[in-house]
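Close look at the chain arrangement
Spelled out from the first residue to the last, the chains are:
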Amino acid sequence: MIYGFKPLSLKSMVSEEKMQEALSEKEEELTVAKKILAAQSEELREQNNVINLVYGAVIVRDLDRLVIIWNKGAENMYGWKEEEILGKQTSDILKTTHGLHTDGVYEKVFRDGIWEGELERVKKDGEKIIVESKWVIERDKSGKAISIIEVNNDITKRKCLEEKLAQYTLELEGKIADRTKELELAIEQSLHSAAKDQVILENMADGILVVDDKGIIIRVNPRAETMIGKKAEEIVGKCYYEINLQNEKGEQIPEGLRPLYHILNGRVQDKSSSTYFLARSETNRIPVGITCSPISVNGKIVGAVNTLRDISKEKEIERVKSEFISIASHQLRTPLTTLSWYVDATLFSKEKLTPKQREHLKEIKNATERLIDLVGGLLNVSRIELGTFESEPKAIDIVKIVKGVKEDLKVVIAKKKLSILERYPKDTPVMQADFNLVRVVIQNLFSNAVKYTLRGGEVEVSVERKDQNILIKVRDTGCGIPSEVQNNVFKKFFRAENSRNLDPNGNGLGLYITKSIIEFCNGKIWFSSEENVGTTFYVFMPLTERRKRQLVTLKDRRKSDSGIF
């Protein structure tokens, strides 16, 4: 036994061992806790770095509403640095306003775990902004609330745009309402106008046919039904060229010669009109004057309107007028011829006349000759229009006719000192045609060239064979025809103003008669002209005239672009 030392009891030894074991366990728990704390600290740093990378503002508060995280986005959005905000409440600093009281927002977050809405806040520099805010409760693994996370996005510009859009929408709605009223009024007026047009259309004295861009008839008025002799349901939906349109000889006008064909193909932009016959049956047809007008939208032709006018009365009046002119001309020719003979007899008699008397007689003779020419022209016109123009084809030498006309004009040619160029083929072509009619053509063209060419000018006459046809050309260096009146050249009694100045005694019938004769012989005539430069007339005629002595009608035998449908 060792003195001074009290031996340990068994019970004490057991208690000490337990204490050692407990101490070891605590040390292990402390080590684990340190490791967990270190891991949590690292995780927190990583979360903070991630939060700072978020573009929007992220604010994290503890349960006492104090800020524990304030990311870079929050700094950029509100202007407050992290060190100025941490550990503080934001409601006073940011002057937050929203629909609910602040306590109400927190109550809703704690109750529902989430809150979303818009907040109005004030930045550090005093600028007011509107943010879209979302609050979420963060909980630990046991479900216990540990913090409140708030994410904000600045929607100030968007709200401004929304306000502007709302204002614009209101204004637009107002404009739409006004425009709707205008359209309703316009529609009402259009309906009234359409009803008025319908009444006018159905009661028009002229027939109306409307076609689409394909030439299909889409509308007809009652007058057109009567003139064509068919009901609307028989006409609508048919093509325009199915309308039986004829010339005076009873030949149907082909599609290619109807102006509507050219209008729908964009070749004619203006109105086109002519006279034809509308055949309702083999024995019943009426003369009609027809005008064709294009319908265009934005420069594109979408259809055409055809107006048919019954000109039976006008035709009858023309016939009566032509008969009157014919009778009057016949009655005038005899006394005028007699007067001319007596003037000639007096001028060339052996009786002595004073110079004054001889001058007066010459004036009477000139006036008488002009009247005889006019009467002769009127007779020819009446024969043309009445269909009593006679033709007796026989073999003729066209060059011989030209030279004969030149001989008749030699006095005037010499007086004006004109140069006459003649171009003829080596083998003179022989024509089968009426001598007198062909001579009238040459006489009118040659004499006009001489008449309207100034002193010292030039006139050229050429004859050329073209297969079974002959081309006659008469060119001058005269006054020319003004471009604005060239469409009237072949009309009765027309004379251009510059030609009147050179020859006030013309009657304006020569070219009308010339064209009628040429078309009667199945030929064509056209010209080119420039004012103060000269004019060239071209005559194209077949060498063989198939007609025998007969009565013919010439008017309206036109094979140019004029026509209808």
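A quick note: this is a predicted structure, and the numbers were derived from the prediction, not measured.

Some details on the packing of aromatic side chains
Under the counting rule described, the total for this entry stands at 7 aromatic pairs. Geometrically, the ring pair formed by Phe490 and Phe527 is edge-to-face, given 6.0 Å between the ring centres and 65° between the ring planes. In this pair, Phe490 is assigned in the loop between β17 (469–476) and α15 (497–502) and Phe527 in strand β18 (residues 524–530), connecting sequence segments 37 residues apart. Just as Phe490 is buried, Phe527 falls in that class too. Residues Phe527 and Phe537 carry aromatic rings whose centres are separated by 5.4 Å and whose planes lie at 40° to one another, so their mutual orientation is tilted. Residue Phe527 is located in strand β18, and its partner Phe537 is located in strand β19 (residues 534–542); the two are separated by 10 residues in the primary sequence. For the pair formed by Phe527 and Phe537, the shared burial category is buried. Through pairs of rings, three or more aromatic residues link up here, namely Tyr106, Trp115 and Trp135. Note that Lys124 overlies the ring of Trp80, its terminal NZ or CZ placed 5.2 Å from the centroid. Cation over ring: Arg285 sits above Phe277, and NZ or CZ is 4.2 Å from the ring centre.

Describing helix α14 (residues 435–451)
Structural remark: α-helix, 3.6 residues per turn; residues separated by three or four positions point the same way. For α14, which comprises 17 residues, the first-to-last C-alpha distance of 23 Å matches the rise-based estimate of 24 Å (1.5 Å per residue) to within 8%. In this structure Asp434 caps α14, since a side-chain oxygen of it lies 3.1 Å from the backbone nitrogen of Leu437.

Some remarks on the side chain of Asp434
Within the secondary structure layout, Asp434 lies in the loop between β15 (430–433) and α14. Assessed through its relative accessible area of 8%, Asp434 is described here as buried. A distance of 3.1 Å separates a polar atom in the side chain of Asp434 from the backbone nitrogen of Leu437.

Examining the sheet that holds strand β2 (residues 67–70)
Read from one edge of the open sheet, 5 strands run β2-β1-β5-β4-β3, paired in antiparallel fashion. Since the sheet does not close on itself, it has two edges, and those belong to β2 and β3 (114–122), each with one partner. Taken over all neighbouring pairs, the strand axes of this sheet differ in orientation by 25° on average, direction set aside. By the bridge criterion, 5 bridges tie strand β1 (residues 57–61) to strand β5 (residues 145–154) in an arrangement that is antiparallel. Pairing of Ala57 across the sheet is with Asn152, part of β5.

Here we look at the environment of Thr338
With respect to the helices and strands, the residue Thr338 is situated in helix α10 (residues 312–347). In sequence terms Thr338 and Thr368 are 30 residues apart; their C-alpha atoms lie 9.9 Å from each other.

Focus: the sheet that holds β19
The 5 strands are arranged β14-β16-β17-β19-β18 in an open sheet whose pairing can be described as mixed. At either margin of the open sheet sits one strand with a lone partner, and together these are β14 (419–423) and β18. With strand direction ignored, the average angle separating the axes of adjacent strands in the sheet is 10°. Both β14 and strand β16 (residues 458–466) contribute to a ladder of 5 bridges, which runs parallel. Bridging from a neighbouring strand, Ser419 pairs with Glu458 of β16. α14 contacts β14, β16, β17, β18 and β19 of the sheet and is inclined by roughly 20° relative to β17. In this fold helix α16 (residues 510–520) packs onto β18 and β19, with an angle of close to 140° to the strand it touches most, β18.

Basis of the calculations
Note that residues are indexed from 1 along each chain, following the sequence as it is written. Note on the predicted model: pLDDT of at least 70 is required for a residue's local features to be given, and 80 or more for side-chain atom pairs to be given and counted; whole-chain, interface and lining totals, by contrast, use all residues. Heavy atoms throughout the structure, all of them, feed into the side-chain values; hydrogens and water do not. Aromatic rings from Phe, Tyr and Trp, taking only the six-membered ring of Trp, are treated as a pair when their centres fall within 6.5 Å; an angle between ring planes under 30 degrees marks them as stacked, one over 60 as edge-to-face, and anything in between as tilted. The secondary structure listing takes helices from DSSP runs of H or I that are at least 4 residues long and strands from runs of E that are at least 2 residues long, numbered from the N terminus. Exposed residues in this analysis have more than 50% of their type's maximum accessible area, buried residues have under 20%, and partly exposed residues fall in between, with area computed by a 1.4 Å probe over protein chains only. Counting as a charge over the ring demands two things of the Lys NZ or Arg CZ atom: a distance within 6 Å of the ring centre and an angle within 35 degrees of the ring normal. Working rule for helices: expected span equals 1.5 Å times residues minus one. Throughout this description, a polar contact denotes any pair of N or O atoms lying within 3.5 Å of each other; where both atoms belong to protein, one of them has to be capable of donating a hydrogen while the other can accept it, and for residues adjacent in sequence the pair is counted only when both atoms sit in side chains. Strands are treated as partners if at least two bridges between them are detected by DSSP. Simply put, an axis is a line fit to the C-alpha atoms, just over the touching stretch for a helix, and the angle between two N-to-C directions goes from 0 to 180 degrees. Contact between two residues is taken to exist if any of their heavy atoms lie within 4.5 Å; hydrogens are not considered.

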